[in-house]
Amino acid sequence: EAGVVQSPRYKIIEKKQPVAFWCNPISGHNTLYWYRQNLGQGPELLIRYENEEAVDDSQLPKDRFSAERLKGVDSTLKIQPAELGDSAVYLCASSLAAGQAYEQYFGPGTRLTVT
Amino acid sequence: TQLLEQSPQFLSIQEGENLTVYCNSSSVFSSLQWYRQEPGEGPVLLVTVVTGGEVKKLKRLTFQFGDARKDSSLHITAAQPGDTGLYLCAGCNAGGTSYGKLTFGQGTILTVHP
């Protein structure tokens, strides 16, 4: 069974440019998460989807970040415009459903460098 | 805002030594998870502890959940170079719109030298 797929794996952009990350969760997983992980830190949740509905986006900086999960399968996270402080690893995870009984499976992440 | 404090932040030991990583919070969590992350990869779940006072063993790894469900520890016996990695604890919320939300600690970078 394929795991969570993310692309690209690495992205280098100049500040003020837009960037987008793509995630394909494990087949059948209804819940999808986007996390941001700064160097030497644990991941921080940006947004959680239940199917195509964003049910927790309280940590998403909505002035420059947006996300979508059309048809409740794969998802895209966008930053426009990017700032130097956005440099981080962006992780996508999925689970069958939300809750402690459902393991979250993480993708390898996209390492973003903003110069 | 719920916070999880992990200590130590860095740990460098020789093969065969024992070690303990701590995870503390002022908040109560419905469960606590431990993950291991290798460079260039996402975190991988090691264990979930749910009941206060619970102890789980995974080969040379022993995980304990505090009685009040606010703290946890990970103990590794006879560490091996293959144990090298970033260890993360994560508390899970029980209810509300944050149901199932994981709050991660900042991680412990473990290096085991041969």
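A brief structural summary. (Residues numbered from 1 in each chain as written. Chains lettered and ligands numbered in written order. Predicted model: local features only at pLDDT ≥ 70, side-chain atom pairs only at ≥ 80, totals over all residues. Heavy atoms only, no water.)

1. Focus: the overall build of chain B
Formally: Strands are runs of DSSP state E lasting at least two residues, helices are runs of H or I lasting at least four, and both sets are numbered from the N terminus onward. The globule rule used here is 2.2 Å times the number of residues to the 0.38 power, and the radius of gyration it is set against is calculated over C-alpha atoms. Contacts are residue-level and defined by heavy atoms, with any inter-residue pair within 4.5 Å sufficient. Computed by Shrake-Rupley with a 1.4 Å probe, the accessible areas treat only the displayed protein chains as cover when residues are assessed. Only four residue types enter the charge count, namely Lys and Arg as positive and Asp and Glu as negative; His and the chain termini do not. A single reference atom marks each charge: NZ on Lys, CZ on Arg, CG on Asp, CD on Glu.
Along the backbone of chain B there are zero helices and 11 strands. Written out in order from the N terminus, the α and β elements of chain B read β-β-β-β-β-β-β-β-β-β-β. Relative to the globule expectation of 13 Å for 114 residues, the C-alpha radius of gyration of chain B, 14 Å, shows essentially globular dimensions. Taking the principal axes of its C-alpha atoms as reference, chain B extends roughly 45 × 30 × 20 Å. Within chain B, counting contacts between residues at least 6 apart in sequence, those at least 24 apart form 55% of the total. For chain B, the accessible surface area stands at approximately 5,300 Å², while carbon and sulfur atoms represent 51% of it. Both charge centroids of chain B, one from 8 positive and one from 9 negative side chains, sit 7 Å from each other.

2. Considerations on the overall build of chain A
Under the convention used in this document: Exposure categories follow from relative accessible area, calculated using a 1.4 Å probe and restricted to protein chains: below 20% of the type maximum is buried, above 50% is exposed, and the middle band is partly exposed.
For chain A, the count of helices and strands is zero helices and 11 strands. For chain A, whose C-alpha radius of gyration is 13 Å, the value lies close to the compact-globule estimate of 13 Å for 115 residues. Projecting the C-alpha coordinates of chain A onto the three principal axes gives extents of approximately 40 × 25 × 25 Å. A buried classification covers 46% of the 115 residues belonging to chain A. A separation of at least 24 residues holds for 55% of the contacts in chain A among residues at least 6 apart in sequence. Looking at chain A as shown, the accessible area adds up to about 5,700 Å², and 48% of this sits on carbon and sulfur atoms.

3. Description of the sheet that holds strand E3 (residues 19-24) of chain A
Residue and element names in this part refer to chain A. Put simply, the rule reads: Criterion used throughout: strands pair if DSSP finds at least two bridges between them. Angles shown run from 0 to 180 degrees and are taken between the N-to-C directions of axes, each axis being a line fitted to C-alpha atoms and, for helices, limited to the stretch in contact.
Read across the sheet, four strands follow the order E1-E3-E8-E7 without closing on themselves; strand pairing throughout is antiparallel. Each end of this open sheet is capped by a strand with a single partner; those strands are strand E1 (5-7) and strand E7 (65-68). For this sheet, the mean angle separating the axes of adjacent strands, direction not counted, is 15 degrees.

4. Observations regarding the interface of chain B and chain A
We apply this condition: Buried area is calculated as the accessible area (1.4 Å probe) missing from two parts once they are joined, with the contributions of both summed. Think of a salt bridge as a Lys or Arg side-chain nitrogen and an Asp or Glu carboxyl oxygen that are within 4 Å of each other. Pairing of N or O atoms within 3.5 Å defines a polar contact, subject to two protein rules: one partner must be a possible hydrogen donor and the other a possible acceptor, and residues neighboring in sequence count only if both atoms are side-chain atoms. Classification convention: Asp, Glu, Lys, Arg as charged; Ala, Val, Leu, Ile, Met, Phe, Trp, Tyr, Cys, Pro as nonpolar; all other residues, Gly among them, as polar.
On the chain A side, the residues contacting the 24 residues of chain B number 21 residues. Taken over both partners, the interface formed by chain B and chain A buries close to 1,700 Å², and the fraction arising from carbon and sulfur atoms is 48%. Where chain B meets chain A, there are zero salt bridges. For the pair chain B and chain A, the number of links is four residue pairs in polar contact (both at pLDDT 80 or more). Listed by contribution, the elements that provide at least two residues to the side of chain B that touches chain A are strand E4 (31-37), strand E9 (85-92) and strand E10 (102-104) of chain B. For the side of chain B that touches chain A, the element with the highest residue contribution is E4(B), accounting for four residues. The residue makeup of the side of chain B that touches chain A, split by class, is 10 nonpolar, 12 polar and two charged.

5. Points about the pattern of salt bridges
As enumerated under the stated definition, the model contains seven salt bridges over all chains in all. For Asp86(A), the salt bridge identified is with Arg64(A), shortest N-O distance 2.6 Å. Residue Asp86(A) is found in the loop between strand E8 (75-79) and strand E9 (88-95), and its partner Arg64(A) is found in the loop between strand E6 (53-56) and E7; the two are separated by 22 residues along the sequence. The class of Asp86(A) is buried, set by a relative accessible area of 3%. Across the pair Arg60(B) and Asp83(B) runs a salt bridge whose closest N-O atoms are separated by 2.9 Å. Within this pair, whereas Arg60(B) is found in the loop between strand E6 (55-58) and strand E7 (61-65), its partner Asp83(B) is found in the loop between strand E8 (71-76) and E9, the two being separated by 23 residues in sequence. Through salt bridges with shared partners, one network takes in Arg64(A), Glu83(A) and Asp86(A).

6. Observations regarding the side chain of Arg48(A)
Residue and element names in this part refer to chain A. For arginine 48, the position within the fold is in strand E5 (residues 44-50). Look at arginine 48 and you get buried, because its relative accessible area is 5%. A polar contact is formed between the side chain of arginine 48 and the side chain of glutamate 50, at a distance of 3.2 Å.

7. Details of the packing of aromatic side chains
Just so we agree on the cut-off: Pairing of aromatic rings covers Phe, Tyr and the six-membered ring of Trp, with a centre-to-centre limit of 6.5 Å; geometry is then stacked below 30 degrees between planes, edge-to-face above 60, and tilted otherwise.
Applying the stated criterion to the full structure yields nine aromatic pairs over all chains. For the pair Phe106(A) and Phe104(B), a centre-to-centre distance of 6.2 Å together with 75 degrees between the ring planes defines the contact as edge-to-face. Placement of the pair is Phe106(A) in strand E10 (residues 105-106) and Phe104(B) in strand E10, with the two residues belonging to separate chains. Overall, the relative accessible area of 12% leaves Phe106(A) in the buried class. One aromatic cluster is present, built from ring pairs that chain together Tyr33(A), Tyr35(A), Phe106(A), Tyr35(B) and Phe104(B).

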